Amino acid sequence: MSALWSVGAGLLLLLLWVRHRGLEAVLVHHRWVFVCFFLMPLSILFDIYYQLRAWAVRRLHSAPRQHAQRVRHIQEQVREWKKEGSKRYMCTGRPGWLTVSLRVGKYKKTHKNIMINLMDVLEVDTERQVVRVEPLVSMGQLTAYLNPMGWTIPVVPELDDLTVGGLIMGTGIESSSHIYGLFQHTCVAYELVLADGSLVRCSPTENSDLFYAVPWSCGTLGFLVAAEIKMIPAKKYVKIHYEPVRGLQKICEKFAEESKKKENSFVEGLMYSLDEAVIMTGVLTDEAEQSKINRIGNYYKPWFFKHVEKYLKADRTGVEYIPSRHYYHRHTRSIFWELQDIIPFGNNPVFRYLFGWMVPPKISLLKLTQGEAIRKLYEQHHVVQDMLVPMKTLEKSIQTFHVDLNVYPIWLCPFILPNNPGMVHPKGNETELYVDIGAYGEPKSKQFEARASMRQMEKFVRSVHGFQMLYADCYMTREEFWDMFDGSLYHKLREQMNCKDAFPEVYDKICKAARH
């Protein structure tokens with residue numbers, strides 16, 4: 001009873017302090033208070049609900065039976081929109097705050113919302129080595145479903161809450177992408193409800209133009225209702241090798257060298273300054289030295305990027321065996337390194353042991369509760385950007401990131417980009433090795449000004465024939481946007497499928513210059 005009195009007294013004091021300081025002041029200057037005491041417990045409840053739901057669906061085998069019925073409901077909504085005179089654009093009815101993107105999409109308030117409740121794994125075909133899923137299936141959900149069966153997917157983008165639909169309509173990448181390409185390149189078929197309400201399946205051999213145009217289209221060609229993704233056999237561990245490298249030229253040379261080796265199952269780099277990095281290579285294996293197993297995903301373990309930094313500070317190489325699923329989601333608990341700005345003491349051993357099991361707070365809940373003051377603060381003093389550039393331009397690109405942003409750590413992830421039709425492909429006719437440079441945090445560059453600095457970055461990326469991930473803030477004009485991306489197939493299909501009255505152009509949906 002005394003413990004309950006203590007908790008109650010503590011909460012009362014907290015509420016009195018919040019009232020004294022003002023809620024907005026607390027949310028802006030002491031956000032960790034709100035996150036720790038409200039969002040983290042709420043995130044746990046969210047996870048419990050979705051895990052119980054997934055368990056029930058799996059036990060009852062209800063997903064395949066209900067899928068057809070739910071798709072028909074989507075078709076009915078689209079046909080109803082047509083009967084109403086097609087007066088507004090359509091979009092998914094999923095609230096904007098539920099997406100992992102930090103961008104605030106205001107179009108949800110003005111467009112016709114089509115409710116899409118598709119969040120289940122539909123079928124695992126071990127003969128074809130393909131898993132068929134609905135678009136709202138998350139990466140955490142999918143790996144939890146497949147790994148016990150001895151399977152995984154070739155590209156598992158980092159964060160648990162990333163969904164299949166978001167990774168197809170936008171894009172996704174992982175440290176295995178130097179072998180398999182982007183997430184879209186591991187998909188073998190899509191099923192969409194089009195602007196006329198029809199259901200269409202597309203693949204490299206069936207409606208191939210649509211298949212290649214869907215990735216990066218951000219839902220502006222139709223509503224994704226299912227996807228088929230390649231599977232590969234899962235193994236128990238990733239044997240990971242850590243190697244600190246100093247000197248920008250040496251870092252770029254080493255990273256490019258390891259990225260070209262197909263024997264590396266995974267390649268990743270973390271840069272802690274302009275001339276300091278740790279290059280990591282991994283190999284899937286079923287065997288492990290017991291003394292070197294590191295279950296990095298356990299709640300009390302150090303955040304992964306902090307763990308990696310120890311090798312740099314000690315100036316030594318190292319080898320560990322990380323359980324595969326822990327490796328796939330190694331950056332989840334700290335949201336890469338974004339959580340350190342929200343909970344500065346989050347990696348403290350005491351906090352990890354007492355509260356680490358509640359980390360991370362849901363990105364969607366962080367968005368929902370950020371308020372206008374925090375949103376503006378983040379917009380002007382914070383960057384979350386992934387730029388995809390040719391590997392041959394890596395050194396020059398990092399120097400540009402350093403001058404314009406000066407944000408560290410920087411994430412380096414290589415990927416192979418095939419010369420397929422669609423919005424994103426190499427400049428020449430050959431497959432080319434690219435690298436994702438991820439900058440997440442508060443810029444330290446004295447000359448940083450959000451709009452001007454990002455436009456400078458976008459100009460550089462266009463000049464080297466690179467691409468900007470579309471989940472982030474984009475400041476390009478329409479002409480600049482279509483200079484970066486190849487819109488020929490996309491515009492052709494929008495014309496053929498009568499999308500112009502049904503969906504906004506992708507530029508109007510995601511670019512700051514177009515959003516109102």
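As the structure is a computational prediction, the values presented were derived from the model and not from experiment. (Residues numbered from 1 in each chain as written. Predicted model: local features only at pLDDT ≥ 70, side-chain atom pairs only at ≥ 80, totals over all residues. Heavy atoms only, no water.)

1. Section: the sheet that holds strand 3 (residues 121-125)
Right, so step 1: Pairing is antiparallel across the open sheet formed by five strands, whose spatial order is 3-4-8-6-7. Here the strands that pair on one side only, and so sit at the sheet edges, are strand 3 and strand 7 (199-202). When strand polarity is set aside, the average angle formed by the axes of neighbouring strands in this sheet is 15°.
Right, so step 2: As paired elements, strand 6 (residues 187-193) and strand 8 (residues 223-230) share six bridges and run antiparallel to each other. Directly across from Glu191, in strand 8, lies its bridge partner Ala226.
Right, so step 3: The strands touched by helix 5 (residues 139-146) are strand 3 and strand 4 (130-133); relative to strand 3, the strand with the most contacts, the crossing angle is about 40°. (Pairing = 2+ DSSP bridges. Helix = DSSP H or I, 4+ residues; strand = E, 2+ residues; numbered from the N terminus. Axes fitted to C-alpha atoms, helices over the stretch in contact; angles between N-to-C directions. Contact = heavy atoms within 4.5 Å.)

2. Things to note about the sheet that holds strand 11 (residues 266-273)
Right, so step 1: Strands sit in the order 13-10-12-11-15-16-14-17 across an open sheet of eight strands; the sheet is antiparallel. Of all the strands in the sheet, just strand 13 (318-323) and strand 17 (467-468) have a single pairing partner and so form its edges.
Right, so step 2: The sheet contact formed by strand 14 (residues 383-390) and strand 16 (residues 432-441) spans eight bridges and is antiparallel. For Leu388, the partnering residue across the bridge sits in strand 16 and is Asp436.
Right, so step 3: Set on the sheet, helix 16 (residues 394-404) makes contact with strand 11, strand 14, strand 15 (410-417) and strand 16; between it and strand 16 the angle comes to about 15°.
Right, so step 4: The sheet strands contacting helix 17 (residues 450-463) are strand 14 and strand 17, and the helix crosses strand 14 at an angle near 15°.

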